[in-house]
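Descriptive analysis of the structure
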Number of protein chains: 2
Amino acid sequence: MRFSLTSQTSTDGVTEQSFTLGEIPGVLFTPQGAIGPRPLILVGHGGGQHKKAPGVLAGAHQFAAEGGFAVAAIDAPNHGDRPKDEQFIRLAGDMRARMAAGEDPIGLVVAMHDLLAGQAVADWQAVLTAVQELDHVGAGPVGYWGVSMGCGLGVPLLAAEPRISAAVLGLLGVPGLAETAARVTVPVQFLLQWDDTLVRRDQALALFDALGSTDKTLHANPGDHGEIPAFETDNALQFFARHLG
Amino acid sequence: MRFSLTSQTSTDGVTEQSFTLGEIPGVLFTPQGAIGPRPLILVGHGGGQHKKAPGVLAGAHQFAAEGGFAVAAIDAPNHGDRPKDEQFIRLAGDMRARMAAGEDPIGLVVAMHDLLAGQAVADWQAVLTAVQELDHVGAGPVGYWGVSMGCGLGVPLLAAEPRISAAVLGLLGVPGLAETAARVTVPVQFLLQWDDTLVRRDQALALFDALGSTDKTLHANPGDHGEIPAFETDNALQFFARHLG
């Protein structure tokens, strides 16, 4: 696959380089003026979001500016600038309808992640290889950050990809993931929202429980699905600094 | 009550001053050469432990050396250098017997904390007043750190004492504490050991749930009751720095 840098801007000490790798659109964040190798964090966005969603941008900028990390974010299959296929459109519509009716959409969430995971894992593996060939990234340690759908696609990635050595996950329950989660063995920080109206608390606790990692910490905070406190980005930065630094 | 400093030593940049306040034996930890007011952390030890138990010393030294805090630790009623009364001796014996028989001691744990809480709260309130009169402590913000019995006595303290504005608690379940916990409203970091053989996981989750605080974070880690990872002391330090600094 061909890797092309398509544009570059710098803001507040962080350089954002948009790229494509084959058909995968992505963004690489590095400290402005970065020279030489550094640890890399892959950031997977949530369902319906994209590589430059506000939560992705905020985390990526903080990881690059305060931690000196390189951060790569890509559009998941059927998200952002990528084309949507019929199966995805049908599933997404069914999911919206079920949520609008106040019903638990977990069965469709599992089906959606199953639909996307194979391609998503292959995308991340290719992007990891490509960005580590850049002089200002290099072949250093690699982490992964992804919650909600970013967790649903991150768990199979971590189970498959030995180059990733630490991960922040969360905002998702165990259905469909128990066996894959058991094959995750790297240190994990797992975020749970105590009043999450999309993810059942017992199922989220069960996913934390199912992770095969001996070094794993659950961070639970009050609030709904989208209300992770800002200090958890500080905690994630310290976690990555401890394991990748 | 009369406050007397009884001895003083300094190690690795931290000065330990042993004191008595009436019949309460305690230790005050401050950065060596400390001048002027600073935030204060009260550290409550676990059941059967005392003011200079290894876990207390490790946390106190790190809070003083790295955070510049003053830290006060005292012997709980019937612990350390304090005399033991008959009711305590009987309860402690029953608890040991029940644990040796592999039975859940929670009913006796609740009875023990009930026996000690009234005196323990009064002790901490008096110690807080006394140490804040020292020039190198002063009337700054106050935090509390206590797990297991330190949580069982800390929850009633926090419910009663408005001068304490942040707390690290944990390693305890909800029986006997639900109503008191609901009156705790300060920010809390709550530690839970996922494989705790002394405290049932569902009861610990229920105690976290019962806390009245809107700003509260559960940190759950693998391992048994006594196996809190060392990095949770770093997390506690950052938590206190954020809320008391």
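Everything numeric here is computed off the predicted structure, so don't read it as measured data. Starting afresh in each chain, residues are numbered from 1 along the sequence in its written order. A letter from A marks each chain and a number from 1 marks each ligand, given out in the order of writing. In keeping with the model being predicted, local features are shown solely for residues with a pLDDT of at least 70 and side-chain atom pairs are shown and tallied solely at 80 or more, while totals for entire chains, interfaces and linings include all residues. Each side-chain value is worked out from all heavy atoms of the structure, with water and hydrogens disregarded.

1. A few points about the overall build of chain A
Counting its secondary structure elements, chain A contains 7 helices and 9 strands. A simple rule labels every residue: compare its accessible area, found with a 1.4 Å probe on the protein chains alone, to the largest value its type can have, and call it buried under 20%, exposed over 50%, or partly exposed in between. Every one of the 245 residues in chain A was classed for burial, and the buried ones make up 58%. The contact rule is simple, with two residues in contact once any of their heavy atoms fall within 4.5 Å. Pairs at least 24 apart in sequence give 66% of the contacts found in chain A among residues at least 6 apart. Every accessible area reported is derived by Shrake-Rupley at a probe size of 1.4 Å, with residue values counting cover from the shown protein chains alone. Accessible surface computed for chain A: about 9800 Å², of which carbon and sulfur atoms make up 52%. Labels follow the DSSP assignment, with helices taken as runs of H or I lasting at least four residues and strands as runs of E lasting at least two, numbered in each case from the N terminus.

2. Focus: the relation of the copies chain B and chain A
Alignment of copies: least-squares fit on C-alpha atoms of residues with pLDDT of at least 70 in both copies. Superposing chain B onto chain A takes a rotation of 180 degrees plus a shift of 0.0 Å along the axis, which leaves an RMSD of 0.0 Å. Taken together, these values place the two copies in the relation of a two-fold axis. Minimal C-alpha separation from the rotation axis in chain B is found for His 219 of chain B, amounting to 2.4 Å. When the interface residues of chain B are mapped onto chain A, 100% of them again fall at the interface, so both copies present the same face.

3. Overview of the interface of chain B and chain A
Of the residues lining the interface, 18 residues belong to chain B; the matching set on chain A comes to 18 residues. Taken together, the two surfaces of chain B and chain A that pack against each other cover about 1600 Å², and 57% of this comes from carbon and sulfur. The largest per-residue losses of area from chain B upon contact with chain A belong to Trp 194, Pro 222 and Phe 231 of chain B, which jointly make up 30% of the total buried on that side. Each reported salt bridge corresponds to a side-chain nitrogen of Lys or Arg within 4 Å of a carboxyl oxygen of Asp or Glu. Across the chain B-chain A interface, the total number found is 2 salt bridges. Between Arg 201 of chain B and Asp 209 of chain A there is a salt bridge, with the nearest N and O atoms lying 3.8 Å from each other. By the criterion applied in these results, polar contacts are pairs of N or O atoms within 3.5 Å in which, for protein atoms, one can donate a hydrogen and the other can accept it, and in which residues neighboring in sequence qualify only through two side-chain atoms. One can count 7 residue pairs in polar contact (both at pLDDT 80 or more) joining chain B with chain A. Going through the elements one at a time, α6 (201–210), β9 (216–221) and α7 (231–244) of chain B are the ones with two or more residues in the side of chain B that touches chain A. Counting residues per element, the side of chain B that touches chain A draws most heavily on β9 of chain B, which supplies 6 residues. Following the grouping adopted for this structure description, the nonpolar residues are Ala, Val, Leu, Ile, Met, Phe, Trp, Tyr, Cys and Pro, the charged ones are Asp, Glu, Lys and Arg, and the polar ones are all others, Gly among them. Considering only residue class, the side of chain B that touches chain A consists of 7 nonpolar, 5 polar and 6 charged. What gets called buried area is simply the loss in accessible area from a 1.4 Å probe that two parts show on being joined, summed for both.

4. Overview of empty space enclosed by the protein
The rolling of a water-molecule-sized probe over the atoms marks out the regions of remaining empty space. Residue and element names in this part refer to chain B. Each cavity reported here is a set of points on a 1 Å grid over the protein atoms alone in which a 1.4 Å probe fits but cannot get out, each pocket an open set with protein on both sides within 12 Å along at least five of seven lines, and each lining residue one with an atom within 4 Å of a point. Grid points are joined across faces, edges and corners, and a volume is the space filled by probe spheres set on the points. The full count for this structure, using the stated rule, is 5 cavities of 30 Å³ or more. Around the largest cavity, the lining comprises 14 residues; the ones closest to its centre are Gly 44, His 45, Ala 76, Trp 124 and Leu 153. Tallied by class, residues from the lining of the largest cavity come to 8 nonpolar, 3 polar and 3 charged.

5. What about the packing of aromatic side chains?
Ring pairs are drawn from Phe, Tyr and Trp, using the six-membered ring of Trp, whenever the two centres fall within 6.5 Å, and their geometry is named by plane angle: stacked under 30 degrees, edge-to-face over 60, tilted for the rest. Scanning all chains against the criterion turns up 12 aromatic pairs over all chains. Geometrically, the ring pair formed by Phe 239 of chain A and Phe 240 of chain A is edge-to-face, given 5.6 Å between the ring centres and 65 degrees between the ring planes. Of the two residues, Phe 239 of chain A and Phe 240 of chain A, both sit in the buried class. Definition used: whenever NZ (Lys) or CZ (Arg) falls within 6 Å of the ring centre and also within 35 degrees of the ring normal, the charge is taken to sit over that ring. One residue, Arg 242 of chain A, lies across the ring of Phe 231 of chain B, its end atom 4.1 Å from the ring centre.

6. Re the packing of helix α3 (residues 106–131) of chain B against helix α4 (residues 149–160) of chain B
When two helices pack together, their arrangement is captured by the angle between the axes and the distance separating the axes. Residues and elements named next belong to chain B. In this analysis an axis means a line fitted to C-alpha atoms, helices contributing only their contacting stretch, and an angle means the value between N-to-C directions, from 0 to 180 degrees. Between α3 and α4, whose axes approach to 9 Å, the crossing angle comes to 55 degrees. By the angle between their axes, α3 is oblique relative to α4. Judged by the sense of rotation from one axis to the other, the crossing of α3 with α4 is right-handed. Where α3 approaches α4, its residues His 113, Leu 116, Ala 117, Ala 120, Val 121, Trp 124 and Gln 125 are matched on the opposing element by Met 149, Gly 152, Leu 153, Pro 156, Leu 157 and Ala 160. Between 65 and 115 degrees an angle is taken as roughly perpendicular, under 35 as roughly parallel, over 145 as roughly antiparallel, and anywhere else as oblique. Put simply, a crossing is left-handed when the front helix is turned counterclockwise from the back one by less than a right angle, and right-handed when it is turned clockwise.

All quantities given are derived from atomic positions and should not be read as evidence of function.
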